[in-house]
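Breakdown of the fold
The residues making up each chain are set out below.
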Amino acid sequence: MLDARQITLSYGGSQILHGVDLSATAGEITCVMGLNGVGKTSLLKAISGRHPSEGTITLDGAALPRGAQARARAGVAYVPQGREIFAQLTVAENLEVGFACLTRDARLVPDDIYELFPVLADMRGRRGGDLSGGQQQQLAIARALVTQPRVLLLDEPTEGIQPNIITQIGRVITRLRDRGGMAIVLVEQRFDFAWGLADRIVALSHGTVLRNERRIEASRQAVLDDVSV
């Protein structure tokens, strides 16, 4: 289980996160929701090690090391908003970027990557920059999965994506959850998409947690009201 406690994060002189608590269990999807600018992306950057923060973050009881590369090696994979695909590299080469945090004997692209994202199998030799936005998003998620993570952090995976690809991505996230070996933290603006996937809901407002509860115990309207604050 991923357990983040009292996470505080500042950019320059501005404090963005104010003692945020979040937990994510293997085999479940924790959805972080809220308006733009409330600290959702900052929270994922803190967990992934991309931005220094205060507080404690543990994975299965062990403190995570500092730094993005060290956390990737520890099993935390981050799919950022904007995807960060290497435009001049092929699909296959983009996937192999995930090898950086793996030992030499683990550096391979699992067959199930192409089962989850069949379009990538057909485009292995195409440059990343030639893919559509939806295809790039699938590639970004696939690249994260190559690292064999125990925690998958997804930042706005539906942003700017056509509806049929959103549906496909939702199915992939559900399949990953149902395998049971990975904790998934999903930051998402599309309420219906997030609500349909979530096992746990975390609502943020101005860098603090308004709500943190299991979805089956939550009122849909109450959560919607919270994430509109």
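Quick caveat, the model's predicted, so the values are computed rather than measured.

Rules behind the numbers
- Residues numbered from 1 in each chain as written.
- Predicted model: local features only at pLDDT ≥ 70, side-chain atom pairs only at ≥ 80, totals over all residues.
- Heavy atoms only, no water.
- Pairing = 2+ DSSP bridges.
- Helix = DSSP H or I, 4+ residues; strand = E, 2+ residues; numbered from the N terminus.
- Axes fitted to C-alpha atoms, helices over the stretch in contact; angles between N-to-C directions.
- Contact = heavy atoms within 4.5 Å.
- Core = buried A, V, L, I, M, F, W, Y, C linked by side-chain atoms within 4.5 Å.
- Buried < 20%, exposed > 50% of the residue type's maximum accessible area, 1.4 Å probe, protein only.
- Phe/Tyr/Trp six-rings, centres within 6.5 Å; stacked < 30°, edge-to-face > 60°.
- Lys NZ or Arg CZ within 6 Å of the ring centre and 35° of its normal.

Some details on the sheet that holds strand β9 (residues 200–205)
Read across the sheet, six strands follow the order β6-β7-β8-β3-β9-β10 without closing on themselves; strand pairing throughout is mixed. Strands at the two margins of the open sheet, each flanked by one partner only, are β6 (76–79) and β10 (208–214). If you compare each strand with its neighbour and ignore which way they point, the axes differ by 15° on average. Sheet contacts for helix α6 (residues 133–146): β6 and β7 (151–155); angle to β6, the most-contacted strand, approximately 170°. Contacts from helix α7 (residues 163–179) reach β3 (29–33), β7 and β8 (183–187) within the one sheet, and its direction differs from that of β8 by about 150°.

Some points on the nonpolar core
Grouped together as the largest cluster of nonpolar side chains are 50 residues, with contacts concentrated most on Leu-145 and Leu-152. When residues of this core are assigned to their parent elements, the largest contribution, seven residues, is made by α6. Those residues within four positions of Leu-152 in sequence are excluded, and the remaining contacts are Ala-77, Val-79, Ala-144, Leu-145, Leu-176, Met-182, Ala-183, Ile-184 and Val-185. The next biggest cluster of nonpolar side chains, apart from the first, holds 26 residues, and it includes Leu-2, Ile-7, Leu-17 and Ala-183.

Remarks on the packing of aromatic side chains
Summed over the entire model, instances satisfying the criterion amount to one aromatic pair. Between Phe-191 and Trp-195, the ring centres sit 5.8 Å apart and the planes meet at 15°, which makes this aromatic pair stacked. Separated by four residues within a single helix, Phe-191 and Trp-195 lie in helix α8 (residues 191–197), roughly one turn from each other. Summarising the burial analysis for this pair, Phe-191 and Trp-195 share the class buried. Over the ring of Tyr-114 we find Arg-124; its NZ or CZ atom is 4.0 Å from the centre of that ring. Above the face of the Trp-195 ring, Arg-215 is positioned so that its terminal group lies 5.7 Å from the ring centre.

Quick word on the environment of Gly-128
Here Gly-128 lies in the loop between α5 (118–122) and α6. According to the relative accessible area criterion, Gly-128 is buried, its value standing at 0%. Spatially, the C-alpha atom of Gly-128 lies 18 Å from that of Ala-100, the residues being 28 residues apart in sequence. Beyond its immediate stretch of four places on either side in the chain, Gly-128 contacts Ile-85, Phe-86, Ala-87, Leu-89, Thr-90, Asn-94 and Gln-136.

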